[in-house]
There are 2 protein chains.
Amino acid sequence: MTLAQDMTAQMTAALRKAGVRVTRQRIALLAVLVGADDHPDAEELYKRTKRVEPAVSLATVYRTLSVLEAEGVVQRHSFEGGGARFEATGPAHHDHIVDLDSGEVFEFNSDKIERLQEQIAAELGYDLVHHRMELYCRRRKP
Amino acid sequence: MTLAQDMTAQMTAALRKAGVRVTRQRIALLAVLVGADDHPDAEELYKRTKRVEPAVSLATVYRTLSVLEAEGVVQRHSFEGGGARFEATGPAHHDHIVDLDSGEVFEFNSDKIERLQEQIAAELGYDLVHHRMELYCRRRKP
DNA sequence: GCATTTTTGCGAATGATTATCAATCTCCTT
DNA sequence: AAGGAGATTGATAATCATTCGCAAAAATGC
Ligand SMILES: [Mn+2]
Ligand SMILES: [Mn+2]
Ligand SMILES: [Zn+2]
Ligand SMILES: [Zn+2]
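Residues numbered from 1 in each chain as written. Chains lettered and ligands numbered in written order. Predicted model: local features only at pLDDT ≥ 70, side-chain atom pairs only at ≥ 80, totals over all residues. Heavy atoms only, no water.

Novice: Explanation requested: the domain arrangement of chain A in the structure shown.
Specialist: A common way to report how large an interface is uses the accessible area buried once the components associate. Residue and element names in this part refer to chain A. Domain boundaries assigned for chain A yield domain 1 (3-88) and domain 2 (95-137). Taking the mean C-alpha position of each, domain 1 and domain 2 sit 24 Å from one another. Between domain 1 and domain 2, the residue contacts involve seven residues of the former and eight residues of the latter. When domain 1 packs against domain 2, close to 620 Å² is buried across both sides, 53% of that on carbon and sulfur atoms. For the domain 1 face of the interface with domain 2, the top three residues by lost area are His39, Phe79 and Glu80, together amounting to 65%. Where domain 1 meets domain 2, there are zero salt bridges. Linking domain 1 to domain 2 there are four residue pairs in polar contact (both at pLDDT 80 or more). In terms of residue class, the side of domain 1 that touches domain 2 is built from one nonpolar, three polar and three charged. (Domains from an automatic or database assignment. Contact = heavy atoms within 4.5 Å. Buried area = accessible area lost by both parts, 1.4 Å probe. Salt bridge = Lys/Arg side-chain N within 4 Å of Asp/Glu carboxyl O. Polar contact = N/O pair within 3.5 Å; in protein donor to acceptor, adjacent residues only side chain to side chain. Nonpolar A, V, L, I, M, F, W, Y, C, P; charged D, E, K, R; others polar.)

Novice: Whenever I open this one, the pairing of strand S3 (residues 95-99) of chain B confuses me. Can you help?
Specialist: Taken residue by residue, a regular strand's side chains alternate between the two faces of the sheet. Residue and element names in this part refer to chain B. Counting buried residues along S3, five of its five residues qualify, which places the element largely inside the surrounding structure. Side chains Asp95, Ile97 and Asp99 of S3 all project onto a buried face; the interleaved residues His96 and Val98 project onto the opposite face, where all are buried too. Of the pairings in the sheet, the one linking S3 to strand S4 (residues 105-108) comprises four bridges and is antiparallel in character. By the bridge assignment, Val98 is partnered in S4 with Val105. If you look at the hairpin formed by S3 and S4, you'll find five residues sitting between the two strands, and Gly103 has a positive phi there, around 80°. For S3 and strand S5 (residues 126-139), the ladder comprises four bridges, and the chain directions are parallel. (Buried < 20%, exposed > 50% of the residue type's maximum accessible area, 1.4 Å probe, protein only. Helix = DSSP H or I, 4+ residues; strand = E, 2+ residues; numbered from the N terminus. Pairing = 2+ DSSP bridges.)

Novice: For this particular structure, what's the right way to read the coordination of the zinc ion (ligand 3)?
Specialist: The textbook angles at a metal center are 109.5 degrees for a tetrahedron of four donors and 90 or 180 degrees for an octahedron of six. All names here are of chain A. Every protein donor of the zinc ion (ligand 3) is accounted for by His93 (NE2), Asp95 (OD), Asp95 (OD), Glu114 (OE) and His131 (NE2), and the metal-donor separations fall at 2.0 to 2.7 Å. All donors of the zinc ion (ligand 3) belong to a single chain; written as a sequence motif, their spacing is H-x1-D-x18-E-x16-H. Linking His93 in the loop between strand S2 (85-88) and strand S3 (95-99) with Glu114 in helix H5 (residues 111-123), this pair joins segments that are 21 residues apart in sequence. (Donors = N, O, S within 2.8 Å, 3.2 Å for Na, K, Ca; no water.)

Novice: Would you take a moment to explain the relation of the copies chain A and chain B for this structure?
Specialist: The pair of chain copies shares a relation made of a rotation about an axis and a shift along it. Once chain A is rotated about the relating axis by 180° and shifted along it by 0.0 Å, it coincides with chain B to within an RMSD of 0.1 Å. Overall, the copies show the geometry of a two-fold rotation axis. In terms of C-alpha distance to the rotation axis, chain A has Met133 of chain A as its closest residue, with the C-alpha 2.2 Å off the axis. Taken as a fraction of all interface residues of chain A, those also at the interface in chain B reach 100%, which identifies the copy contact as same-surface. (Least-squares fit on C-alpha atoms with pLDDT ≥ 70 in both.)

Novice: Would you explain the interface of chain A and chain B in this entry?
Specialist: Listed per partner, the contact involves 34 residues of chain A and 34 residues of chain B. When chain A packs against chain B, close to 3100 Å² is buried across both sides, 62% of that on carbon and sulfur atoms. Among the residues chain A hides against chain B, the three largest losses belong to Tyr126, Arg132 and Arg140 of chain A. Together they make up 25% of the total. Taken together, chain A and chain B are joined by two salt bridges. The partner of Glu134 of chain A in a salt bridge is Arg132 of chain B, and the shortest N-O contact between them spans 2.8 Å. The interface formed by chain A and chain B holds 19 residue pairs in polar contact (both at pLDDT 80 or more) in total.

Novice: What is the right way to read the protein's contact with DNA strand C from this model?
Specialist: Around DNA strand C sit 19 residues, and of these Arg21, Ala55 and Thr60 of chain A together with Arg21 and Tyr62 of chain B come closest. Atoms of DNA strand C within 4 Å of the protein: sugar and phosphate make up 71%, bases the balance. Between DNA strand C and Arg26 of chain A there is a distance of 2.8 Å, counted from a phosphate oxygen to a side-chain nitrogen or oxygen. One of the side-chain N or O atoms of Arg16 of chain B is found 3.4 Å from a phosphate oxygen in DNA strand C. Listing elements by their share of the surface near DNA strand C, those giving two or more residues are helix H2 (24-35) and helix H4 (58-70) of chain A together with helix H4 (58-70) of chain B. (Near = heavy atom within 4 Å.)

Right under this line is the structure:
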């Protein structure tokens, strides 16, 4: 059993326990999400899912993404320009760098920044629920 | 001459110099933006501008906001949920805290975080062009 | 297998934003 | 002050991503 298969197995079990029905199209989309190493949008996820499970519609992709987001299994990002992009929730939090020229998305993590965010919220009397932090960059000119 | 009037005077001069025609509706919208101390969306800016200059349309508000954004005079924000919100560009950069319960937007600034962002981009071989950083918070439970 | 309750696919609806285009206005030149 | 080239406007249609409505199909529990 591959790692991706194991992850989906665990996830479907969790979903079932949460009262969410595990359908063919949900399994397929989940597999696509777990297997993706990028940040595709709904249309792209639809295309990839259709390859595995032709009996899926774009509406269902959108609906399932919302369900999976509510369950905490996927995360939705709204980078500048264009629609929402998605990724399976991984073990570790990270933020994103967007290459303005290629559109590619990279990931990074800074404990220092994470701590400072908490601190800033706390100083103003707030609890930080979540945040958004995106660096829009260009390759450095040599 | 009030401070807001002075600011708009300077701005219109700069716009004219940049080849942008200064119309009644642009002056009015600019005044509204400079006078605002919040982060209104296009519809709200339309309402406020109409009070001062009834001869304005929502389409023109959108178009003018894009023009002013291109000139660097206003900034566009896309917080979670809802459409774009705008503010006149101030003297100092700042980031935002969004109160998840009230929807209110507050501002903050952290030189440390700004520096860390530059550093992270640089380490990955990138030049930071701009960034987005928003803290979604709830008032701390006492 | 059967009943109950969800989920799906299709297409229509939505909401924010942009495009079209003839009429109007700005601003530079006489 | 008048003229005219070219930019801007208002009204409305068009876009685009996303959501909705509903009858048919599928998943779960017994
Ligand atoms: Mn990511
Ligand atoms: Mn602000
Ligand atoms: Zn983070
Ligand atoms: Zn900042």
